[in-house]
Amino acid sequence: GDSVTQTEGQVALSEEDFLTIHCNYSASGYPTLFWYVQYPGEGPQLLFRASRDKEKGSSRGFEATYDKGTTSFHLRKASVQESDSAVYYCALSDQQGTGSKLSFGKGAKLTVSP
Amino acid sequence: EAAVTQSPRNKVTVTGGNVTLSCRQTNSHNYMYWYRQDTGHGLRLIHYSYGAGNLQIGDVPDGYKATRTTQEDFFLLLELASPSQTSLYFCASSENWGDYAEQFFGPGTRLTVL
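Residues numbered from 1 in each chain as written. Chains lettered and ligands numbered in written order. Predicted model: local features only at pLDDT ≥ 70, side-chain atom pairs only at ≥ 80, totals over all residues. Heavy atoms only, no water.

A. Highlighting the state of the cysteines. All told, the structure shown has two disulfides over all chains when counted by the stated rule. Residue pairing for A:Cys23: its cysteine sulfur links by disulfide to A:Cys90, the two sulfurs lying 1.9 Å apart. The sign of the -60° torsion about the S-S bond sets the A:Cys23-A:Cys90 disulfide as left-handed. Residue A:Cys23 is found in the loop between β3 (19-21) and β4 (24-26), and its partner A:Cys90 is found in strand β10 (residues 86-96); the two are separated by 67 residues along the sequence. As far as burial versus exposure is concerned, A:Cys23 and A:Cys90 are alike and both buried. The disulfide bridge from B:Cys23 ends at B:Cys91, spanning 1.9 Å between sulfur atoms. Judged by the torsion about the S-S bond (-75°), the B:Cys23/B:Cys91 disulfide is left-handed. With B:Cys23 in strand β3 (residues 19-25) and B:Cys91 in strand β9 (residues 87-94), this pair connects stretches of sequence that are 68 residues apart. (Disulfide = S-S within 2.5 Å. Helix = DSSP H or I, 4+ residues; strand = E, 2+ residues; numbered from the N terminus. Buried < 20%, exposed > 50% of the residue type's maximum accessible area, 1.4 Å probe, protein only.)

In structure tokens form, the structure reads like this:
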């Protein structure tokens, strides 16, 4: 079935560093791609999404571009802050019959030091 | 903004015990979901529902039952709890089921099975 691969399990950065978290997907159709963020003690929340090739999603200084050619949706931020420390999940909508469900990657825990 | 609440927030039980986790959403969303979150696995879908009385099987349903009694309330039942079900459980809801649907998550219930 459709799936998402996140290679970084843990990412440790200092404030103002550049962030990249990789996300690659495998899908038979044309899925919508999502980034969710989970702050400590909370449930995940949507960061942004993209549904077509070359579409850029963005929010709070984070961005990712849907690339159908490389099947990727990498998360980037130019200058991270300590408040960005959280777990980041890449997900895709997985078409099944008349509906769809979300398939999540394993998540990347970002720790930003002051 | 969507409001999803879960109870209890923490639960400890013994092997073979009977546990019910509760979820309520107050935004009249049609779809509700139960996930478990484990290190190295991310979020995995247990069951979901698109309305009162409806239940659909997710990706990891073994050992779990669920029931949607009203549009607002969705319960997860572990009738013979096992240590492998020690996990952080999240409930979520969404207005619809399409590719673009945003899921709103509750704060989670941490379950420990001794």
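B. Fine view of a nonpolar patch on the surface. On the surface, a nonpolar cluster with roughly 310 Å² of combined accessible area is contributed by B:Val12, B:Val14 and B:Leu114. You can see B:Leu114 is positioned in the segment after β11 (109-113). (Patch = residues over 30% accessible without salt bridge, like charges linked within 9 Å, V, L, I, M, F, W, Y side chains within 5 Å. Areas by Shrake-Rupley, 256 points an atom, 1.4 Å probe, with all protein chains shown as cover. Salt bridge = Lys/Arg side-chain N within 4 Å of Asp/Glu carboxyl O.)

C. Representation of the layout of surface pockets within the structure. Of the volumes computed, that of the largest pocket is approximately 710 Å³. Along the walls of the largest pocket sit 35 residues, with A:Gln38, A:Val87, A:Tyr89, B:Gln37 and B:Thr39 positioned nearest its centre. Among the secondary structure elements, those contributing two or more residues to the lining of the largest pocket are β10 and β12 (108-113) of chain A together with β4 (31-38), β9 and β11 of chain B. It is β12(A) that provides the largest number of residues to the lining of the largest pocket, a total of four residues. (1 Å grid on protein atoms, 1.4 Å probe; cavity = no way out; pocket = protein on both sides within 12 Å on 5 of 7 lines; lining within 4 Å. Points joined across faces, edges and corners; volume = space filled by probe spheres on them.)

D. Layout of the sheet that holds strand β9 (residues 75-77) of chain A. All names here are of chain A. With antiparallel pairing, the four strands of this open sheet are ordered in space as β3-β9-β8-β7. Whereas interior strands pair on both sides, the edge strands pair on one side only; in this sheet they are β3 and β7 (56-59). Across the sheet, the mean angle separating the axes of adjacent strands is 20° when strand polarity is ignored. In terms of strand pairing, β3 meets β9 through three bridges, oriented antiparallel. The residue of β9 that forms the bridge with Ile21 is Leu75. (Pairing = 2+ DSSP bridges. Axes fitted to C-alpha atoms, helices over the stretch in contact; angles between N-to-C directions.)

E. Broad picture of the interface of chain A and chain B. Each partner contributes to the interface: chain A provides 23 residues, whereas chain B provides 20 residues. Counting the surface lost from both chain A and chain B, the interface buries some 1,800 Å², and carbon and sulfur atoms represent 48% of this. Our count for the chain A to chain B interface comes out at zero salt bridges. For the pair chain A and chain B, the number of links is three residue pairs in polar contact (both at pLDDT 80 or more). Secondary-structure elements contributing two or more residues to the side of chain A that touches chain B are β5 (33-38), β6 (45-50), β10 and β11 (99-104) of chain A. It is β11(A) that provides the largest number of residues to the side of chain A that touches chain B, a total of five residues. Class assignment for the residues of the side of chain A that touches chain B results in eight nonpolar, ten polar and five charged. (Contact = heavy atoms within 4.5 Å. Buried area = accessible area lost by both parts, 1.4 Å probe. Polar contact = N/O pair within 3.5 Å; in protein donor to acceptor, adjacent residues only side chain to side chain. Nonpolar A, V, L, I, M, F, W, Y, C, P; charged D, E, K, R; others polar.)

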